[in-house]
Structure formats: structure tokens, C-alpha cells
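This is what each chain is made of:
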Amino acid sequence: MNRYVEKRDRLIAEFLANGSPVGLAKDTSNLFRDRTQSAQRKLDVRGFNQVLAVDPVAGWIEAEGMTTFADLVEAGLARGVMPAVVPQLKSITLGGAAAGVGIEATSFKQGLVHHTLLELDVLVGDGRVLTCTPDNAQSDLFFGFPNSYGSLGYALRLKQKTLPVKPYVRVEHRHHASIAACFDDLARQCEGDADFVDGVVFGPDELVISVGRFADHAPYTSDYHYERIYYRSLRTRNEDWLTTRDYLWRWDTDWFWCSKNVGAQNPILRRLYGRKRLNSVTYTRIMRWNSRHGLSRKLNRLLGWHTESVIQDVDIPLEQAPPFLDFLLRQVGVLPIWLCPLRAKDARFSLYPLRAGQLYVNFGFWDTVKSRSPRPPGYLNRQIEAKVIELGGIKSLYSDSYFEPETFWRLYNGPAYQALKAKYDPNGRFRDLYAKCVLKA
Ligand SMILES: Cc1cc2nc3c(=O)[nH]c(=O)nc-3n(C[C@H](O)[C@H](O)[C@H](O)COP(=O)(O)OP(=O)(O)OC[C@H]3O[C@@H](n4cnc5c(N)ncnc54)[C@H](O)[C@@H]3O)c2cc1C
């Protein structure tokens, strides 16, 4: 903790050194929108990457804001617990998932990452570092920080709830041949004794719900770190056994299925990548290099393709999930699609409004859509935004957005945001949420 205090005080001094707008200097990012200008001064927060304490009895883990979930999980498992929600890409950080909304297969019981927070320290616009809890003088910032994307301040220390674990997870893959049967079963499994629930849509008549339960013993364990590919196993298996660590990182080795975009599912290239490089950090680096140099863009242009990047996670009320999936399959056509149920117990999180107790389904889809004819910018992404609004859902903002300001502030609680911005960053040391998430500034 002393080291944290030293680092914190040094950062405050660096922050107050001059009054210009700042950004974050980080080694990794899981944002998926190419930002236009990155000229503003960067605050070097890379050193805030330590786990500070784990209390399995009280049920919490405390860590600095840029601690990756890979490190959080290791610290937790060493004490027989896991963070209550662990987003499945190893480089996602606790602060980033709190500021940018994080979800995983425990979310049907635990809500999103921010619903499992107990406390956080936030560096705000005038250089103070404020401790925020649900019931102290900074409770408005505690409930206003999630989905702020660093526009209200930076989380330097956070305390997250933990769950006790067992060494293994038995995964049951439940196969469905219709959309209706799939979502009926998803709702049923979320009311049962599962520890983990998520799913994958491979097509309108091939949908799989995966239900995980902790276990003390396992007849065998599967390894999806090298030759075998996890998402493919869902199509052929009814059951599987993984160590709890491997279950938590089951999607990272192939970035769900996005490793295909960098050739990592080709058996020969996969061997060239090797065990160590088969992970989301490698793929993100390749994707960023490619988008900087526009290699695939130029190649597609040469081949007469017009492309649109459709990389989104959206949350839809369960009752509206079948029509939303039908729309995605007919209008967008990106497959596979990740399904993850979530239920929030607390509706006080002002910038990412969810109805308390309502079961939502997160739809995650990440790909490039090609067409022979040119289309206006955001052609499909705008339709997705309109459908999400029509069905009473909400979209996470880590990727491209095209909302008009009025629509954006209606969806993400403009009045609450403006009040928080005026109170905690009146001089605009941090860029505005709309500017960051829609205008890509
Ligand atoms: C293919 C893909 C799949 C994804 N799937 C999921 C998913 O299934 N589940 C899920 O949870 N998320 C998912 N994400 C989204 C990801 O979790 C969010 O983008 C998250 O915000 C990234 O966290 P990060 O630590 O990498 O932060 P970054 O990407 O570095 O930052 C995200 C935003 O938060 C701000 N920020 C970062 N750290 C802090 C801090 N300490 N204090 C204040 N602001 C901060 C940054 O300024 C930035 O605006 C996915 C992303 C991709 C690309």
C-alpha cells in the first residue's frame, strides 16, 4: 500500500505540473475505435499494475487501476477465490473494465464488472484523489464512473468482490436448433444452480448454451491453448472439463474466434505462432498495425470490396433477444455471435442505465462486413444502433458509434453526466465522453 501511496502522490504532482488536457499512457488497450488525435499529454499510469490485497473471508480483492485481469485471477486463485466478474481477454484491466463496462459468464448473477465494485480511488480534474463508495460523499462519482471512459477521472485503486472457487469447471454444452428454444433454455439456466452461463450462435438453427459448474474433481481436463480451438469444441461436444484458470481464459487464446482474421486458425500458421503468442494481446497488436497501415483496406479495395468494421457488444432485454437476433442474422450477417446473460441488482449506475432485476442478453459480434457496392459510413452500425434503441437495449461504447448528440445524451443520461463533469472536471482536463466515444477525439 505504501508503494501505491508513493506512486499516487508522484502522479498527482505530474498531473498538476501543467493544466493541459491529458490522456492515459498504457501498454495495452481493448478499445476498438481509431482515435483521430492523440497529441494531448499522456499521464504515465503504467506502474499502477499491482494487486494490493486479497481477503477471501471478507470476499474482496484490491488492486491498482491498470492491473490486468490475468494478474488479478492469479492473485485470487492463489487464495481460493476469483474476481466476481472476469472479462475474458487477459489484458483488460480492472480500471478499464470499470470505466468501459465489463461482462462475463458470471454476469447473470453478478451483473457487470462495475456492479461488483466496493470502492475506488479516482484522480479527478483538480488533482485530488477521491475515495468513492456507494454511501460516502463521493457516491455520485461511485455510481457515475462506470461507462465514463476516463472522461471524469482515472481510477488508481479499486476493490472488487470475489467468489470462492473450486479447482475445476464442468461445462455442459446444450445444443438448440431454434432461436426460441435457445432463449427459453438460457432463461431457465439463469434461474438454476449454474455458476457460469454464456452461449454462441453459429446459425439460425445451430445455437449452443454453455453452462458451467464448479467441481472438486475432474475425470480429465481439456487444453485449448494450442492445437485445439475452444469455440469449435462447442459444436461437437455435449460436455467438457477445464481447470478453473483455463475456463476463465477459454476465449482468450483465439480472441473468441477473431484469431481467424490473423490466420491463427490455419494449422501451419498456428504452429508458427506457437503456444506463447496465441492470445488476444498478440492479435490486438497485429490488428492495430494493420489498421495503422491500412493493409487489408488496400487489399480489399484492390479486390473490389467495400468493407465496414462491425465490432460491437450490445445488451438487449431477454424478451427482445429473439427479434434482435433475427435482425442481426438477416441484416448484418456476422457469425458466430457471443451470447452472455446479465442481470443488474442495482439501477443506480447513472451512465449505463439498466433496469434492476431485468435479465438482459449481451450480444457480442466482431467482424468486417464486405459488399460489392459502396455504402455510406456506418451503414450497418447505424442500423444496429437504431434496432438496439427500438428494442429498449443499450450499447457499450468501446468501439464505433454514430449517435447524434441528443440521442447519445438521452441514452447515456446527459443531465447526470453534465452534473458530474461540472463537479469533478470543470476545467476539462479529461476529454468529454461524446467527443471520445463518437467523435473519436
Ligand atoms: C473483440 C472484443 C471483445 C470484447 N469483449 C468484451 C467482453 O466480452 N467483455 C468485456 O467485458 N469487454 C469486452 N470488450 C471490451 C473491453 O472490455 C472494454 O473495451 C474495456 O474498457 C477495455 O479495458 P482496458 O483495460 O483494455 O482499457 P482500455 O481499452 O485501455 O481503455 C478503455 C477506456 O477506459 C478508459 N480507462 C482505462 N483505464 C482507466 C482507468 N483506470 N480509469 C479511468 N478510465 C480508464 C480509457 O481512457 C478508455 O477510454 C471487448 C473488446 C473487444 C475489442
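The rules behind each value
Within each chain, residue numbers correspond to sequence positions counted from 1 in written order. Restriction of local features to residues with pLDDT of at least 70 applies here, the model being predicted, together with a cutoff of 80 or more for giving and counting side-chain atom pairs; totals for whole chains, interfaces and linings are based on all residues. Excluded from the side-chain calculation are hydrogens and water; included are all heavy atoms of the structure. Each helix is a run of H or I in the DSSP string that is no shorter than four residues. Each strand is a run of E no shorter than two, and both are numbered from the N terminus. Just to be clear, the radius of gyration here is over C-alpha atoms, and the globule rule we use is 2.2 Å times residues to the power 0.38. The buried label goes to any residue with under 20% of its type's maximum accessible area, the exposed label to any with over 50%, and the partly exposed label to all in between, with areas taken from a 1.4 Å probe on protein chains only. When checking whether two residues touch, look at their non-hydrogen atoms; a contact exists if any pair is within 4.5 Å. Note on areas: Shrake-Rupley, 1.4 Å probe, and residue coverage restricted to the protein chains presented here. Only four residue types enter the charge count, namely Lys and Arg as positive and Asp and Glu as negative; His and the chain termini do not. Charged side chains are reduced to one point each, which is NZ for Lys, CZ for Arg, CG for Asp and CD for Glu. The near set for a molecule or strand comprises every residue that places at least one heavy atom within 4 Å of it. Distance and chemistry together define a polar contact, namely a pair of N or O atoms within 3.5 Å, with one atom able to donate a hydrogen and the other to accept it when in protein, and with adjacent residues in sequence counting only for side-chain atoms on both sides. Put simply, Ala, Val, Leu, Ile, Met, Phe, Trp, Tyr, Cys and Pro go in the nonpolar bin, Asp, Glu, Lys and Arg in the charged bin, and everything else, Gly too, in the polar bin. Here a Phe, Tyr or Trp ring, Trp counted by its six-membered ring, pairs with any other such ring whose centre lies within 6.5 Å, and the pair is stacked when the planes are under 30 degrees apart, edge-to-face when over 60, and tilted otherwise. Strand pairing is defined by DSSP finding a minimum of two bridges between the two strands. Only the stretch in contact is used when a helix axis is fitted, and all axes are lines through C-alpha atoms; the angle between N-to-C directions ranges over 0 to 180 degrees. For the purposes of this analysis, a disulfide is any pair of cysteine sulfur atoms at a distance within 2.5 Å. The salt bridge criterion pairs a side-chain nitrogen of Lys or Arg with a carboxyl oxygen of Asp or Glu, the two atoms within 4 Å. Think of a 1 Å grid over just the protein atoms. A cavity is a set of points where a 1.4 Å probe fits yet cannot get out, a pocket is an open set with protein on both sides within 12 Å along at least five of seven lines, and lining residues have an atom within 4 Å of a point. Grid points are joined across faces, edges and corners, and a volume is the space filled by probe spheres set on the points. A patch is a set of surface residues, each over 30% in relative accessible area and not in a salt bridge, joined within 9 Å for like charges and within 5 Å for the nonpolar side chains Val, Leu, Ile, Met, Phe, Trp and Tyr.

Regarding its fold elements, the protein chain presents 16 helices and 16 strands. What you see for the protein chain is a C-alpha radius of gyration of 21 Å, in line with the 22 Å of a compact globule of 441 residues. Expressed along its principal axes, the backbone C-alpha trace of the protein chain runs to roughly 55 × 55 × 45 Å. Each of the 441 residues in the protein chain was classed as buried or not, and the buried ones make up 57%. Within the protein chain, contacts between residues separated by at least 24 positions form 71% of all contacts whose residues are at least 6 apart in sequence. When the accessible surface of the protein chain is totalled, it reaches about 18000 Å², and 54% of it is carbon and sulfur. Placing the 58 positive and 48 negative side-chain charges of the protein chain at their respective mean positions leaves the two points 5 Å apart.

The local shell around the ligand holds 34 residues, among which Lys-26, Ser-29, Thr-93, Gly-102 and Ile-103 are the closest. The side chain of Lys-26 places a nitrogen or oxygen atom 2.7 Å from an oxygen atom of the ligand. One of the side-chain N or O atoms of Ser-29 is found 2.7 Å from an oxygen atom in the ligand. When the ligand sits alone it has 950 Å² of accessible area, and the protein chains cover 97% of it. Residue assignment for the shell around the ligand shows that the elements contributing at least two residues are helix 3 (94-100) and strand 8 (154-164). Tallying contributions element by element places helix 3 first for the shell around the ligand, with five residues. Here the residues of the shell around the ligand are counted per class, giving 20 nonpolar, 11 polar and three charged.

A few words now on the packing of aromatic side chains. A full pass over the atoms with the stated rule returns 29 aromatic pairs. For the pair Phe-196 and Tyr-247, a centre-to-centre distance of 4.5 Å together with 50 degrees between the ring planes defines the contact as tilted. Of this pair, Phe-196 sits in strand 10 (residues 196-203) while Tyr-247 sits in helix 8 (residues 244-248), and the two are 51 residues apart along the sequence. Taking the relative accessible area as the measure of exposure, Tyr-247 reaches 1% and is therefore buried. Measuring from centroid to centroid gives 5.6 Å for Phe-256 and Trp-257, while their planes differ by 65 degrees, and the two rings are edge-to-face.

Pairing is antiparallel across the open sheet formed by eight strands, whose spatial order is 12-9-11-10-14-15-13-16. If you trace the sheet from one side to the other, it starts and ends with strand 12 (239-243) and strand 16 (394-395), each paired once. As paired strands, strand 13 (residues 306-317) and strand 15 (residues 359-371) are joined by 12 bridges and run antiparallel to one another. Considered in strand 15, the bridge of Asp-315 is made with Asn-362. Against the sheet, helix 13 (residues 379-390) makes contact with strand 13, strand 15 and strand 16, and its axis sits at roughly 10 degrees relative to strand 13, the strand it touches most.

What follows covers the environment of Leu-411. In this fold, Leu-411 is placed in helix 14 (residues 405-411). The class of Leu-411 is buried, set by a relative accessible area of 17%. Placed 236 residues apart in sequence, Leu-411 and His-175 show a C-alpha to C-alpha distance of 35 Å. Ignoring anything within four residues of it in the chain, the contact list for Leu-411 reads Pro-353, Ile-389, Ile-394 and Phe-403.

Attention shifts here to the state of the cysteines. All chains considered together, the criterion is met by zero disulfides. Its sulfur unpaired, Cys-190 is 8.7 Å from the next cysteine sulfur, which belongs to Cys-340. Under the relative-accessibility criterion, Cys-190 is labelled buried at 7%.

With that out of the way, let us pick up the environment of Ala-187. The topology assignment puts Ala-187 in helix 6 (residues 179-190). As a C-alpha pair, Ala-187 and Asp-240 span 53 residues in sequence and 22 Å in three-dimensional space. Contact partners of Ala-187, with chain neighbours within four places excluded, come to Leu-318 and Leu-359.

Counting across every chain of the model gives 32 salt bridges. Across the salt bridge formed by Asp-346 and Arg-348, the nearest N and O atoms sit 2.8 Å from each other. Residues participating in the shared-partner salt-bridge network are Glu-172, Arg-174, Asp-185, Arg-188, Asp-193 and Arg-213.

Extensive coverage of strand 13 is indicated by the burial of nine of its 12 residues. Where strand 13 and strand 16 come together, two bridges link them in antiparallel fashion. Across the sheet, residue Val-314 finds its bridge partner in strand 16, namely Lys-395.

Here we take up empty space enclosed by the protein. Going through the model one piece at a time under the given rule, you end up with three cavities of 30 Å³ or more. Taken as a whole, the largest cavity spans an internal volume of roughly 60 Å³. Taken together, Tyr-224, His-225, Leu-242, Asp-246, Trp-249, Arg-250 and Thr-253 make up the lining of the largest cavity. Classifying every residue of the lining of the largest cavity by side-chain character gives three nonpolar, two polar and two charged.

Another point: the side chain of Lys-395. Among the secondary structure elements, Lys-395 is positioned in strand 16. Only 2.8 Å separates the side chain of Lys-395 from the side chain of Glu-385, close enough to count as a polar contact. The residues contacting Lys-395, other than those within four sequence positions of it, are Gln-312, Asp-313, Val-314, Tyr-352, Glu-385, Val-388, Asp-400, Ser-401, Phe-403 and Tyr-412.

Taken together, the side chains of Ile-268, Leu-269 and Leu-272 define a hydrophobic patch exposed on the protein surface, amounting to about 310 Å² of accessible area. Inspection of the secondary structure puts Ile-268 in helix 9 (residues 267-277). Since its relative accessible area comes to 62%, Ile-268 is described here as exposed.

So yeah, pure geometry; function would need other evidence.
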